[in-house]
Every structure is written in C-alpha cells, then in structure tokens.
Amino acid sequence: MASKLKIIGKSERRVDSWGKVTGRAKFADDYNVGHQLIGKVLRSKHPHAKIVRIDTSKARALPGIQAVLTAVDIPGSKVFGIVEKNQAILAEDRVRYLGDGVALIAATTKEIAEEALSLIDIEYELLPVVSDPEEALKPGSPIIHGNKNEFVHHKVRKGDIAKGFTEADFVLERKFKTQFIEHSYIEPEAVLAEPNEQDGVKITGSVQNLFSSRRSVAAALNLPLNKVQIVQATLGGSFGGKDEAMTSMCCRAALLALKTGKPVKMVNTREESMLESYKRHPYVLYYKWGAKKDGSITAMEARIIADGGAYASMSQFVTWRSVVQATGPYYCDNVKTDVYAAYTNNNYTGAMRGFGSPQVNFAIESMMDELAEKVGVSPLDIRLKNGFEKGAVTATGQKLNHVVSLKEVLTKAAEAIDFKKKWKSYRRSQVGEKKHGVGLACSYRGVSLGAEGADAAETIVSVQTDGSVIVSSGVTDMGQGAQTQMSQIVAEVLGTSMDRIQFLNTNTSRVADSGPTVASRGTIMGGSAAKNAAEQVRKTLLAVGSSMLNVKGSKLDLRNNYLVNLKNGRRLASFSELATECFNKGKPMIGLGWHKSLKTTWDEERGQGEAYFTFVYGANAAEVEVDTETGKVDVKDFASVHDVGKAINRAMVVGQMCGGVAMGLGYGLLEEFEFERGVPKQLNFDEYLIPTSMDVPRIKTIIVENEDATGPFGAKSVGEPTNEIAAPAIVNAIFNATGKRIYEIPANLERVLLGHKLVRHDKRGSEKKDAIDAMLIDSCKIRGEKQ
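Residues numbered from 1 in each chain as written. Predicted model: local features only at pLDDT ≥ 70, side-chain atom pairs only at ≥ 80, totals over all residues. Heavy atoms only, no water.

### Brief notes about the packing of aromatic side chains
- For the coordinates displayed, the defined rule picks out 18 aromatic pairs.
- An angle of 80 degrees between the planes, with centres 5.4 Å apart, marks the rings of tyrosine 331 and phenylalanine 388 as edge-to-face. Of the two residues, tyrosine 331 is situated in the loop between helix 9 (315–325) and strand 17 (335–343) and phenylalanine 388 in the loop between helix 11 (379–386) and helix 12 (406–416); the sequence distance between them amounts to 57 residues.
- Given a relative accessible area of 29%, tyrosine 331 falls into the partly exposed group.
- Ring centres of tyrosine 444 and tyrosine 617 lie 6.5 Å apart, and the angle between their planes is 25 degrees; this geometry places the pair in the stacked category. Taken together, the positions of tyrosine 444 in strand 18 (residues 434–446) and tyrosine 617 in strand 26 (residues 615–627) put the pair 173 residues apart, joining distant regions of the chain.
- Looking at tyrosine 444, the relative accessible area reads 2%, which means it is buried.
- Classification of tyrosine 617 as buried rests on a relative accessible area of 1%.
- Through successive ring pairs, a cluster of aromatic residues spans Trp320, Tyr331, Phe388, Tyr444, Trp602, Tyr612, Phe615 and Tyr617.
- A cation over a ring is seen here: lysine 242 above tyrosine 185, with NZ or CZ 4.6 Å from the ring centre.
- Stacked on the ring of phenylalanine 165, the Lys or Arg lysine 288 has its end atom at 4.6 Å from the ring centre. (Phe/Tyr/Trp six-rings, centres within 6.5 Å; stacked < 30°, edge-to-face > 60°. Helix = DSSP H or I, 4+ residues; strand = E, 2+ residues; numbered from the N terminus. Buried < 20%, exposed > 50% of the residue type's maximum accessible area, 1.4 Å probe, protein only. Lys NZ or Arg CZ within 6 Å of the ring centre and 35° of its normal.)

### Considerations on unusual backbone geometry
- Here the amide bond leading from isoleucine 745 into proline 746 is cis, since omega sits at 10 degrees, within 30 degrees of zero.
- For histidine 35, which is not glycine, the phi torsion reads 65 degrees and is therefore positive.
- Turning to its location among the elements, histidine 35 is positioned in the loop between helix 1 (17–22) and strand 1 (37–43).
- Overall, histidine 35 belongs to the exposed group, its relative accessible area being 74%.

### Details of the packing of helix 10 (residues 357–375) against helix 18 (residues 726–738)
- In the contact formed by helix 10 and helix 18, the axes pass within 9 Å of each other and the chain directions differ by 30 degrees. Relative to helix 18, the element helix 10 is oriented roughly parallel. Between helix 10 and helix 18 lies a crossing whose hand is right-handed. The segment helix 10 lies against helix 18, with Asn361, Phe362, Glu365, Ser366, Asp369 and Glu373 engaging Pro728, Val731, Asn732 and Phe735.
- Partitioning the contact of helix 10 with helix 18 into residue classes produces four nonpolar, three polar and three charged. (Axes fitted to C-alpha atoms, helices over the stretch in contact; angles between N-to-C directions. Parallel < 35°, antiparallel > 145°, perpendicular 65-115°, else oblique. Left-handed = near helix turned anticlockwise from the far one by under 90°. Contact = heavy atoms within 4.5 Å. Nonpolar A, V, L, I, M, F, W, Y, C, P; charged D, E, K, R; others polar.)

### Examining the pattern of salt bridges
- Taken as a whole, this structure holds 40 salt bridges when the rule is applied.
- As a salt-bridge pair, lysine 242 and glutamate 187 come within 2.6 Å of each other at their nearest N and O atoms. In this pair, lysine 242 sits in the loop between strand 13 (228–232) and helix 7 (244–260) while glutamate 187 sits in the loop between strand 10 (170–177) and strand 11 (190–195), placing the two residues 55 residues apart along the sequence.
- Classification of lysine 242 by relative accessible area gives buried; the value is 0%.
- Residue glutamate 187 is classed as buried on the basis of its relative accessible area, which comes to 10%.
- Ionic pairing is found between glutamate 365 and arginine 383, a salt bridge with its closest N-O pair at 2.8 Å. Of this pair, glutamate 365 sits in helix 10 while arginine 383 sits in helix 11, and the two are 18 residues apart along the sequence. Taken as a pair, glutamate 365 and arginine 383 share a single burial class, namely buried.
- Three or more residues are tied together by salt bridges with common partners; here these are Lys40, Arg43, Arg252, Glu272 and Glu276. (Salt bridge = Lys/Arg side-chain N within 4 Å of Asp/Glu carboxyl O.)

### Some remarks on the nonpolar core
- The biggest cluster of nonpolar side chains holds 101 residues, and the ones touching the most others in it are Tyr287, Ile304, Ile730 and Ile734.
- Ranked by residue count, the leading element in this core is helix 10, at nine residues.
- Ile7, Ala530, Met589 and Ala715 belong to the second-largest nonpolar core, a separate cluster that totals 42 residues. (Core = buried A, V, L, I, M, F, W, Y, C linked by side-chain atoms within 4.5 Å.)

### Observations concerning the side chain of asparagine 149
- Along the chain, asparagine 149 turns up in the loop between helix 4 (133–136) and strand 9 (150–158).
- Among the polar contacts listed, one links the side chain of asparagine 149 to the backbone oxygen of proline 142, at a separation of 2.9 Å.
- In terms of polar contacts, asparagine 149 uses its side chain to reach the backbone amide nitrogen of isoleucine 144, at 2.9 Å.
- Residues in contact with asparagine 149, not counting those within four places in the same chain, are Ala136, Leu137, Ser141, Pro142, Ile143, Ile144, Ala341, Ala342 and Tyr343. (Polar contact = N/O pair within 3.5 Å; in protein donor to acceptor, adjacent residues only side chain to side chain.)

### Here we look at the environment of glutamate 389
- Topologically, glutamate 389 is positioned in the loop between helix 11 and helix 12.
- For glutamate 389, a relative accessible area of 38% puts it in the partly exposed group.
- Considered as a pair, glutamate 389 and asparagine 401 are twelve residues apart in the sequence and their alpha carbons are 9.4 Å apart.
- Those residues in contact with glutamate 389 that sit more than four places away from it in its chain are Tyr331, Val404 and Lys407.

### A closer look at the pairing of strand 17
- Within strand 17, eight of the nine residues are buried, leaving the element largely enclosed by the surrounding structure.
- Bridging between strand 9 and strand 17 involves eight bridges; their strand directions are antiparallel. From the neighbouring strand, glutamate 150 faces strand 17, where its bridge partner is alanine 342.
- As defined by bridge partners, strand 16 (residues 297–309) adjoins strand 17 across nine bridges and the pair is classed as parallel. Note on strand 17: the bridge partner recorded for arginine 303 is aspartate 338. (Pairing = 2+ DSSP bridges.)

### Quick look at the environment of alanine 611
- Here alanine 611 lies in the loop between strand 25 (590–596) and strand 26.
- Overall, alanine 611 belongs to the buried group, its relative accessible area being 0%.
- For alanine 611 and glutamine 325, which are 286 residues apart along the polypeptide, the C-alpha to C-alpha distance reads 9.9 Å.
- Setting aside chain neighbours within four positions, we find alanine 611 in contact with Trp320, Val324, Gln398, Gly450, Ala451, Thr600, Thr601 and Trp602.

### Notes on the sheet that holds strand 14 (residues 264–267)
- Read from one edge to the other, the open sheet built from seven strands follows the order 3-7-1-14-11-12-13, with strand pairing classed as mixed. Looking at which strands have only one partner, the edges of the open sheet turn out to be strand 3 (65–69) and strand 13. On average, each strand axis in the sheet is tilted by 20 degrees relative to the strand beside it, whichever way the strands run.
- With two bridges joining them, strand 1 and strand 14 adopt parallel strand pairing. Counted as the bridge partner of isoleucine 38 is lysine 265 from strand 14.

### Describing the sheet that holds strand 21 (residues 501–503)
- One open sheet accounts for four strands, arranged 21-20-19-25; its pairing is mixed. Each of the sheet's edge strands pairs with one partner strand only, and the pair in question is strand 21 and strand 25. Going from strand to strand, the sheet's axes swing by 20 degrees on average, the running direction of each strand aside.
- Sheet analysis places strand 19 (residues 456–463) next to strand 25, joined by seven bridges and oriented antiparallel.

### Points about the domain arrangement of the chain
- Domain annotation for the chain reports domain 1 (31–127 + 189–267), domain 2 (283–450 + 603–754) and domain 3 (456–596).
- One C-alpha centre belongs to domain 1, the other to domain 2, and the line joining them spans 38 Å.
- Facing 18 residues of domain 1, the contacting portion of domain 2 comprises 21 residues.
- Both sides of the domain 1 and domain 2 interface together cover about 1,600 Å² of buried area, and 59% of this is carbon and sulfur.
- Three residues stand out in domain 1 for area buried against domain 2, namely Val83, Tyr97 and Phe239, and they jointly supply 34% of the buried area on that side.
- Counting every contact that joins domain 1 to domain 2 gives zero salt bridges.
- On inspection of domain 1 and its partner domain 2, the count reaches eight residue pairs in polar contact (both at pLDDT 80 or more).
- Contributing elements (two or more residues each) for the side of domain 1 that touches domain 2: strand 5 (87–88) and helix 7.
- Of the residues assigned to the side of domain 1 that touches domain 2, the class counts are eight nonpolar, five polar and five charged. (Domains from an automatic or database assignment. Buried area = accessible area lost by both parts, 1.4 Å probe.)

Here it is, written out as structure tokens:
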C-alpha cells in the first residue's frame, strides 16, 4: 500500500471491550437453553488405584437422573491426546491422579446430580504412588503408563563438550528447581452441549483450542468432524490452560447430550477446576558451564527433568522448546543438553504462558549472574560480552539472519532503572534490615510453533453491501486481544475505521482448522492471514473503483472510509458506495486468507536445525527491597523491554508487558501448587497465592520495534516473552541485595532467609567475603578452577 499507516501502531479501543465493560459479553456459563440438564463428574478418590468394581444402580434409581455413564458407555475412543493418546475421558480400569473422572451424571438439577454422585459405589485396589519425577525415572518405581515412566527425551548436541570443559579455566555447576503453577484464570471451565437435528452435537464453551477438542469429541462419539460443531464463548482467561481440560469436558458433555437427547450444561467449581486441570511443568535443572577468566563460555551442559504428571498432554512440545532455548541467547561452541519428561501421579502438566521457557530462563539467567560474579564484572557486562548478535549461530546450529536486538533491549532495560549505578551501590554494605538490590534477565524466544509441526492459519474477511465488514478466524481470542489486532490489520488494508468491523468468535464449522492458539502465534499467523484476506478484497474494490470512475487502479487508494485519489487524497466515492457497486457488478467481496509459516527443520537425534523461522528478544530489570529479618521481598521498580517487531496496538502491547510481569512476579515470589504424595494441598485462592495490585510495582514499559518480514506489517510476538524473564530478574536482584542465591522458586520467606551465600569478587577477582556459605549444597558448589 502506498499510503502511510493510519491504524497500525495506534491504541485503538479493543473490539470486545464494550461487551465486557457493560456485562453484555456472554461467557460460557451465561449460555442456557430450555430443558437443559446439569452434568457432573465423579472423580477419583485416590491418586493411583485399580478400579475393581463400579456400582451405579442407586444413582440410576434416583428421581431426576437422566443418565449415568462410565467408560464402557463411550461408543468410540475412550482416550485422547495431542501427541500421545493416553488421557482418559473416563477412567476404565485404573485411575492415575485425583482429577481422573470415573463416572458421569446428567440430572434435572445440580442438587440431584451431586446427590447421585454420592450414591455411586466404587471399589478400588490401591497402587503405589510416585510423585517425584526423578524418583519416577529410577528402576523399580511404580509405572504409570506402558513399561517405563520416561516418555520424552530431547537432545541438543553441538561441538565437543569434553573439549569445551578442558579449555575452561573454571567450571560452574548448579541445581535449580521450579514449581507447579496454576493458570488461575478467573473463569472456571464451562460448556453447553446440544444435540442437533442432523445426529450431531453443538458445543458452546470456554474452549481455547477448538479444533483439537473437536477431533477428540468426534473420535469419542464415532462421528465425522462435520457432525461436531464447537463455538467459542467469550473466554474469561486461559493462559494456555483451557486445552485438554476443556477437551475432556467437551467429550463428557457431548456424551451425556447424545445419550439423553437433551442439552447438557457442565460448569466446574473452582475446587473442581484446580483438582482436575493441568499445571505448568515443574523442572529439576542441572546446569554445568565451563568458562574462561574473561567470562567467555567454552561449554554448556544441561540435564533437565520435567514432571509430566499423569498424562502426556503437551509435554513433548513444551520440553522441545526448552531444549532449543536451554542455553539462552549466548555464544557457546560446545553444548550438550538433555531434557526428559516423566510420568507421575500428580496432575498432568501442559501448556502455560511461556511454554517451557520460564523454567530454563530461571536457570540460565541465574548462571549468567554467577558467571559475572566469578569473573568480577557486572551482570550487564557479562551479558553484553556473551550475547547474540546478527549472524550468531545458536546451540541448534541456526544462523540468526534477522535483526538480533538482544543488546539493545538489555541496554534499555538497564538504563530504565539506573542499573549500573545501583548495582555497584547496593552490593556494598547497606545499613538496616531492609536492603535493596537490582537484577537483570534477558531471553530470546522462537516465534510460533516452529519445527513442532505444521503451522498455518485462516482468517476470513467479508465486506457487506453497506460497507460494514465481518471478520472471523481460526485463531482464538482468549482475552489477549487477537481479535483487535486482526481487526486493525484489516482496517489498515481496507482503509476503513475500526467501528465498521464486526469480529465473530471462532466456530469450527465456519472457518478452517488453524491449529492451536498457542506459542504467541495469534498476530504473526492469524494477523498474516487477515492481511492476506483483506488484500484480496482490497484488490477487488480498487478494480471496481477503477471501472466505476474510469481511472487507473494504480492512481486510487482506500483511506478513512473513502476511495480517494492516491496523489492528493481527494475523495471520489464512499466505501459504502464502492461496496454497493461491487455487489451490483457481481464481484466477490470476500477474502479467504491462508498463511503458512516459513520452513523450519529439525534433526531429533542431534538436536540441530532451524527450529523457528524468527525470534523475539526481551530484557527485564528489577529493583527489590528485602527485609532480612522476615525474608519478605517487595518489588519496588521494574523495567520491561521487548522487541515486538511492530506494535499493532501499542496499548495492548503495554498491557501484555504489564500482565506478563505480574504473572512472572507470582512465579518468582509467591505461587506454588503443592502436592503431597499426589494429593493437592490447595484447591482455591484462599490458599493458592497470586499477586494482587498491592504486589505489582511501577512497570516501565519500553517497546522496541525492529520490523520483521515474516509478520504482518513487521509484527512478531509479545504475549509469552513478557512472562518468562521476570522471575530471574527478581531473584538476581535478591542476590544483589543480600549476597544470597536462590536456587528454587518461588523465593518465599524461608528460601530468602536461608539462601546460599556466595563468594563475591571485584574486577581483579579478589574475594570480598570469607568463604562460600556452608549451606551451599554439593551440587551447587564452584569447582574445577584452574590455578
């Protein structure tokens, strides 16, 4: 397009904002139809047990009960899964975690349904429980599936790792741990399933990945895909959490609906949601780096174990991203990384904002700070020395040919909180029990799915005869603003105002399967498809305008709801008049935009290849105040800097950055979903702590824009990168304040008070403290230093 951008980059009002602030938006629980039944699930009483017998006779006899189903009543596949189809819709002969469903009830009221659940008699034979992933990988451990608990092993091999350690002047070796995290979306899961007149089923619900859910429902019901329609209700948050959890609910509601011939509604309580839903993977991370005295890295070795919980879910993909990014955006010729996932009897783990990056970034960025401390330079200087630039070759052998803005974002983050000055000041002795510290963290992140699998999306743009526009996409808006971003792209291409556009929620029967809405791919995939679709319509409109006015199309443009003279902007016809003319001439005003990502490659055995078609870069800087008497940490200041390629909507980018920091703060300081032998210890927000407005500091947001040819108008991604480096920035700030290292998050009161004391060095490498604290565990010692 010849004209300057009018809509792109502006903070346009969200297309869904009016419905949400007025209460008119319909969330899943708001959908009701006459004569609907209430569906409920009976879940396991044990984290691991054989099902010996199920007696449903008393429940069936209860007045008001319309159906009681168990696994034997499922006509098709009894299991589902994106990669490994081993997740039970209803457990048939064995339960593997407390969230497993065993029986379904459809009743005329919620009260009757709950009474019926209490009448179902199940005899269990208890089995040994394994709740530690490292224990699960040991010989003799209880087996959860098949003949072993290890179900993922990804590798990266680059250079000669033994040679790299031989060349090192010293070696740093550490062990890190991260925790289970609850997604904490404000809206629990809900669906309404309705039998339709063509022997199929329509499901309306809070579903994130509608097309994968549809495949599982169709398989369970023995129906073709065209008989299963899933319609997205307005979502009250997801953060990756409404995938398999919603798939199982969709399958169950659909089974009850077709069994009874009546609509069935299912809604989880908060306790039911937390009990059954999947969590972010906890990792155990063993890192070993070799380095020179000047701070250059000669070897990076990592062994990482993820707790996959009871089912495979998305573990294969989550851990693959981890293995690709496990050494961070830093130069190193010799790399050996192994990432494993193990089955346990904990809640299964899957996609959550960050998708395998927050865990490894905590370890990487902690290691970088320790490397800086060891060689006597600042955390900023060590990153600037080792950080990627354009032309760098990653651990997977991929050459970075795009704009690599790592050092730009790092520098801007440091400047935003006056990092250099404060870091030097705070590391000196501070008076009083409250001590201040500053910390840095940075990352690079592969955009979209990459070599995980096929990556394509469809968006449809349809101009109506009055000049209004309807847009729909296979990419789901879960509250992140995808619909607004795509609307702005369409408005920019068509030269219309935003108020002309109506964006429809995703419907599997009206738009093509566009894959999962994950991996921060909404703008770069859905937006690119929207641009393609709008450009098709634009071409038609300009051709009709040219014919109508007898003017060459190359001399025309679409701006501000008008067809105009390209050179002087003179209005020649309104957009509405142009649309009417297209209709009268029988010209199509619909565009079917399909966007397929650029080629990626992967050698699974060597862990080499072009894993992603482009990357994004971000940096966080935090300032904390630590009460050394209580261990309480307050984050006082924060800078979030991200290169997004091009900000389609600046206000929404800022919102993503602030929200990502808030979630990252919770990850670093507060949140932990705890288990005891497979039994959850928190089932509501009275015990599971998340940050409130009182915990979130001032956040300085800095948007960096280095446009990338792979995205619409140069845009890339922002949703997940904003969440993945806040925790290590905060933990590094705690060290600057106290001289104590945190190796396990969250950095709660106890861990802050008992953190590991490290030797501090000045620029000449001289020690500033007497010795390493005796509490430093064996796996966390500095060893192998050459004399």
